[in-house]
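The primary structure of each chain is shown beneath.
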Amino acid sequence: MDFNLTEEHLMIRDAARDFAQTELLPGVIERDEKQEFPNELVRKMGELGFMGVMVDPKYGGSGMDAVSYVLIMEELSKIDASASVMVSVNNSLVCYGLEAYGTEEQKQKYLTKLATGEQIGAFCLSEPEAGSDATSQATTAIDKGDYYLLNGTKNWITNGGRADTYLVIAQTDRAKGHRGINAFIVEKGMEGFHVGPKEDKLGIRGSDTHTLQFNDVKVPKENRIGEDGFGFKFAMKTLSGGRIGIAAQALGIAAGAYELALKYSKERKAFGTEICNHQAIAFKLADMYTEIAAARYLVMAAACKKDAGENYDREGAMAKLYASKVAMEQTVEAVQIHGGNGFVKEYHVERLMRDAKITQIYEGTSEIQKIVISRSLIRD
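Residues numbered from 1 in each chain as written. Predicted model: local features only at pLDDT ≥ 70, side-chain atom pairs only at ≥ 80, totals over all residues. Heavy atoms only, no water.

Caption draft 1: Structural context of helix 8 (residues 279-307). When the terminal C-alpha atoms of helix 8 are compared, their 42 Å separation across 29 residues agrees well with the 42 Å that a helix rising 1.5 Å per residue should span. Buried residues of helix 8: Ile281, Leu285, Met288, Ile292, Ala293, Ala295, Val299, Met300, Ala301, Ala302, Ala303 and Cys304, and no others. Looking at the packing, one finds that the buried side of helix 8 touches helix 4 (66-79), helix 7 (231-267) and helix 9 (313-338). Just downstream of helix 8, Gly309 is the residue with a positive phi angle, here 75°. (Helix = DSSP H or I, 4+ residues; strand = E, 2+ residues; numbered from the N terminus. Expected span 1.5 Å × (residues − 1). Buried < 20%, exposed > 50% of the residue type's maximum accessible area, 1.4 Å probe, protein only. Contact = heavy atoms within 4.5 Å.)

Caption draft 2: Region of the structure containing the side chain of Ser265. As for its position among the elements, Ser265 is in helix 7. Judged by relative accessible area, Ser265 falls into the buried class, the value being 0%.

Caption draft 3: Representation of the packing of helix 1 (residues 7-24) against helix 3 (residues 39-47) within the structure. Where helix 1 meets helix 3, the axes come as close as 12 Å, and the angle between the chain directions of the two elements is 160°. Comparing their axes, helix 3 and helix 1 come out roughly antiparallel. Both helix 1 and helix 3 take part in a crossing whose hand is right-handed. On the side of helix 1, the interface is formed by Phe19, Glu23 and Leu24, while helix 3 contributes Leu41, Lys44 and Met45. Residues that form the contact of helix 1 with helix 3 fall into these classes: four nonpolar, no polar and two charged. (Axes fitted to C-alpha atoms, helices over the stretch in contact; angles between N-to-C directions. Parallel < 35°, antiparallel > 145°, perpendicular 65-115°, else oblique. Left-handed = near helix turned anticlockwise from the far one by under 90°. Nonpolar A, V, L, I, M, F, W, Y, C, P; charged D, E, K, R; others polar.)

Caption draft 4: Main features of the pattern of salt bridges. Per the stated rule, a full pass over the model turns up 24 salt bridges. Note that Glu187 and Lys109 form a salt bridge whose closest N and O atoms lie 3.4 Å from each other. Residue Glu187 is located in strand 5 (residues 181-187), and its partner Lys109 is located in helix 6 (residues 104-114); the two are separated by 78 residues in the primary sequence. Across the salt bridge formed by Glu127 and Lys154, the nearest N and O atoms sit 2.9 Å from each other. Of this pair, Glu127 sits in the loop between strand 1 (121-124) and strand 2 (140-143) while Lys154 sits in strand 3 (residues 147-158); the two residues are 27 residues apart in sequence, bridging distant segments of the chain. (Salt bridge = Lys/Arg side-chain N within 4 Å of Asp/Glu carboxyl O.)

Here is the structure:
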């Protein structure tokens, strides 16, 4: 693997960095407090190609590689993880799932709008009793001939309120276990589809998270993705790619906190000198930089595997497991370096610390990543 970035990669990274600094940074504290994210910013991310990074240009995407996607995610996440999680879900779970496994008709109808940011998507797997255990789907989709009748509840759905297109995983035949699960495309506005109140969260507060309810929603047969019984495999394949995106988000959160801590340590004085000159702080900075660099190599390795067309399940799980751990630990250190100032909102690091925690939970908890990794080792 060659970790030297091409000129194109550097241009993409710089474009994402410039957008994050000029568009996302102003108002990020207020967006966190008010739990909102303006549609105007979503539109701008779409115009820059961030909402369909890896989608083929014939469907309105940017046609970039996974390394480019990782670079974009890292830069956005340094400033606003609420923005980057919207980008991650739309790219990794929704656009990828439709492009890889959808019919041509589904791609033309849905993917072309999602890839440009004209519309935004949501991925609906988790339920009150089916988070990590994706096989225990209580949401049902009963085959009624030319349509499926969808009933159930989905929890903790990112983009749940603002999305236009929802990929919903549901049980069609319980007797078949995970082979009786299907994936469906559901549109906002379908009769019987209700979006619940927004969740009041610890972090990524600008991103809207909702419970969704489906009460006798008629989903056309042509909205099923793949063959009958393909839903569980569809979910696992999309989540595998999603882990690279969340790993890159965790990396960005950690890197953003480090950059703020380094800057602050060069400005804040104690005992007659800048605090970066004290060994206690200097060693913290050294550890932070090393841990973040290690996380970056794991994330890049997973992205390179994906770009090479190789199996990246284990690498994606390793990257997410480690990068999320680094994000949590190093944001705490960033707060510590800031001292009392780290505990107030204007210095940003307390928000990054709150945002970091979710990277150890969504799109597969750290415990699930260890299962994925260990099973791949035993299987080999």
